[in-house]
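# A closer look at the structure
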Amino acid sequence: AELGAVGDDNELTAIGQSLSRLPLDPRVGRMILSAREQNALDEVLVIAAALSVQDVRDRPIDKQAQADQAHAKFDDEKSEFVGTLKLWKWLEDSKGGHGKDHKLSHRQYENLLREHFINVRRVREWRDTHSQLHTVVAEQGWKLNTTPATYEQLHCAMLAGLLGNIGCKNDTEDWYLGARGIKFHRHPGANLSKKPGRWIVCAELVETARLFGRGIAAIEPAWVERVGAHLLKKQLLDPHWEKKAARVSALERATLYGLVLYSNRRADYSRVDPVGAR
């Protein structure tokens, strides 16, 4: 239901039928379906592949500071997903060395990865998974976007598979309120150069000493409203007569899994209760 794959009657929707044809985890499949609409397929395939394997960044206990320093160049201010794309681009660019005459040998390339605390074996797994996803998409006859996706396009596509992992920052303390009343914290090892904003989405929620969000990106509540339209619960509160507009207005409140997206949007009360409005 969260992915929009089944309706109220538990029958498959058009999205559900498309998902059933993709031999993938349904969440990943949903991101890819959405990426196709958002013109972000090229980027989402890279991120989806990264989410399916272990993080390629190594942080040895005895060299954490050096590892963090080496990884810092891939960090983005607002989104670990964008950071993943930066890392992928660096891996692809480094393969060619500096210019055509200086193509790195296999050994030089692997040494370069190790110097940057990047796990060679996991990079291989990431590439393999990426080419498998590529094949799945090609079999469906879908074309990759040739222009880079915007931040909004990329993150709306990711949101489609991660609506249960959104969070809104507490006003005073350093935790986030998530779906269905859960509280979680930003993962201390988050690869971000700044603190993300008020609203975030996480690739996963992991319970260790406490509940942490990993794979964090800043988002706008308006995107959640759009992508999660099928899950919104709306209420009209405080109906009142507006003399100037000559109609009964109410304040609309929308929640997704209990998180308030907005609470004081004006709405025409007669749409819901014409008799009461009269």
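As a reminder, the structure under discussion sits directly above these lines.
Throughout what follows, the structure given in this document is the object of discussion. Just so you know, these numbers come straight off a predicted model, no measurement behind them. (Residues numbered from 1 in each chain as written. Predicted model: local features only at pLDDT ≥ 70, side-chain atom pairs only at ≥ 80, totals over all residues. Heavy atoms only, no water.)

### Some words on the nonpolar core
Ile 32, Val 44, Leu 91, Ile 118, Trp 126, Leu 159 and Ile 166 are the most contacted members of the largest nonpolar core, which has 63 residues in total. Those residues in contact with Ile 32, other than ones at most four positions away along the chain, are Leu 24, Leu 41, Val 44, Leu 45, Leu 133, Val 137 and Trp 142. By size, the runner-up hydrophobic cluster in this structure holds eight residues, among which are Phe 184, Leu 192, Ile 200 and Ile 216. (Core = buried A, V, L, I, M, F, W, Y, C linked by side-chain atoms within 4.5 Å. Buried < 20%, exposed > 50% of the residue type's maximum accessible area, 1.4 Å probe, protein only. Contact = heavy atoms within 4.5 Å.)

### Focus: the pairing of strand β3 (residues 183-186)
Every other side chain in a regular strand lies on the same face of the sheet, so the side chains alternate between the two faces. Here strand β2 (residues 176-178) pairs with β3 via two bridges, running antiparallel. Residue pairing across strands places Leu 177 opposite Lys 183, the latter belonging to β3. Here β2 folds back onto β3, and the loop between the two strands holds four residues, one of which, Arg 180, carries a positive phi near 55 degrees. Judged from the two bridges that link them, β3 and strand β5 (residues 211-218) form a sheet pairing that is parallel. Bridge assignment links His 185 to a residue of β5, and that residue is Phe 212. (Pairing = 2+ DSSP bridges. Helix = DSSP H or I, 4+ residues; strand = E, 2+ residues; numbered from the N terminus.)

### Let's talk about the sheet that holds strand β1 (residues 166-169)
One closed barrel holds the five strands; their spatial order is β1-β2-β3-β5-β4, and the pairing between them is mixed. Within this sheet the neighbouring strands show an average axis-to-axis angle of 50 degrees, counted without direction. Looking at chain direction, strand β4 (residues 199-207) and β5 are connected through seven bridges and run antiparallel. Counterpart to Val 201 in the pairing with β5 is Ala 217. Most of the contacts of helix α8 (residues 151-161) go to β5, to which it runs at about 145 degrees, and overall it touches β1, β4 and β5. (Axes fitted to C-alpha atoms, helices over the stretch in contact; angles between N-to-C directions.)

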